[in-house]
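# Remarks on the overall topology
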Amino acid sequence: MKIELTLIPVTPFTLTPSDICSLFKKGENNINMPFYVSSIKGMLRAASIFGFRSRFGDGYSCEDTFNKTCPELTEKERNVLKTFPCPICKTYGMLGLKGCSLFITNLNEVVEGKELINYRFLFRGPYYISVSQKPLDIVIICDDKFKCSPLVILLGLHYIDKGIIRLGKFKSRGFGIFKVKMKNGELQKLLNNIDILENELKKCLGV
Ligand SMILES: [Zn+2]
């Protein structure tokens, strides 16, 4: 399944140096390739974990429950999880598990749109911070092995759209807040209605 969406910045956001390196490395060979950006996938993963914690409670994520990843769990720890591997690892991948792939299709534009802003922390600064304020076009491709992946991703996107989960540096200062716009109208409706989304995900997971 292919999920397409745009993250529309409400506040400026930072990208990690490795995100930008991946652009230049791949850019030399094939300028039109979509780009893999690890910090965005990390934000989504964190957002889905937050969603499970908030709406489902204990036992849905290895990291949240044990501060370890699924392949590192002992037999006893595995049994504590509601499903093993957990829906987070199945969706976002982990050693030996592929998970969904995430690409930014307009990273060139986003990086070209970087600008220095002058920012003053309380009692310190001003500092120049390199940020972008361009919308991020994202394509996520999930295979059909784990059919709940799109719902796990939507659960995370809900908390990104609410501004609770943010991207990059200076999150606590309000940087990296996005509104989420799904290309598919049905997915947008699900994203906006957390009660229905929770029920659909429970049905899908069989819990
Ligand atoms: Zn896991």
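Scroll up to find the structure this text is about.
What this report covers is the structure whose coordinates are included nearby. What you see is a predicted model; the values in this text were computed from it and never measured.

## Topic: the side chain of Gln-188
Looking at the element boundaries, Gln-188 is found in helix 8 (residues 185-192). Side-chain polar atoms of Gln-188 contact the backbone oxygen of Val-180, separated by 3.5 Å. In this structure Gln-188 touches Val-180, Lys-181 and Met-182, once residues within four positions along its chain are discounted.

## A word on the state of the cysteines
Applying the stated rule across the entire model yields 2 disulfides. Each disulfide pairs two cysteine sulfurs, and for Cys-100 the partner residue is Cys-142, the sulfurs being separated by 2.2 Å. Taking the torsion about the sulfur-sulfur bond, which here is approximately 105°, the covalent link between Cys-100 and Cys-142 counts as right-handed. Placement of the pair is Cys-100 in the loop between helix 5 (87-92) and strand 2 (101-104) and Cys-142 in the loop between strand 5 (136-141) and helix 7 (149-161), with a sequence separation of 42 residues. Overall, the relative accessible area of 4% leaves Cys-142 in the buried class. Across the disulfide, Cys-148 is cross-linked to Cys-204 (sulfur-sulfur distance 2.1 Å). Linking Cys-148 and Cys-204, the disulfide has an S-S dihedral of approximately -100° and is accordingly described as left-handed.

## Description of the packing of aromatic side chains
Remark: the centre distance and the inter-plane angle together describe each pair of aromatic rings, the angle taken between the planes. Overall, the coordinates contain 7 aromatic pairs when judged by the stated rule. With a centroid separation of 5.2 Å and an interplanar angle of 50°, the aromatic rings of Phe-13 and Phe-178 are classed as tilted. Linking Phe-13 in the loop between strand 1 (2-9) and helix 1 (17-29) with Phe-178 in strand 6 (residues 178-182), this pair joins segments that are 165 residues apart in sequence. Side by side, Phe-13 and Phe-178 carry an identical accessibility label, which is buried. For the pair Phe-52 and Tyr-60, a centre-to-centre distance of 5.6 Å together with 5° between the ring planes defines the contact as stacked. Grouping residues by exposure puts Phe-52 and Tyr-60 together as buried. Aromatic ring contacts, followed pair by pair, group Phe-52, Phe-56 and Tyr-60 into a single cluster.

## A few points about the environment of Glu-112
For Glu-112, the position within the fold is in helix 6 (residues 107-112). Residues Glu-112 and Ser-132, spaced 20 residues apart in sequence, show a C-alpha to C-alpha distance of 8.4 Å.

Reading the values: the criteria
- Residues numbered from 1 in each chain as written.
- Predicted model: local features only at pLDDT ≥ 70, side-chain atom pairs only at ≥ 80, totals over all residues.
- Heavy atoms only, no water.
- Helix = DSSP H or I, 4+ residues; strand = E, 2+ residues; numbered from the N terminus.
- Polar contact = N/O pair within 3.5 Å; in protein donor to acceptor, adjacent residues only side chain to side chain.
- Contact = heavy atoms within 4.5 Å.
- Disulfide = S-S within 2.5 Å.
- Buried < 20%, exposed > 50% of the residue type's maximum accessible area, 1.4 Å probe, protein only.
- Phe/Tyr/Trp six-rings, centres within 6.5 Å; stacked < 30°, edge-to-face > 60°.

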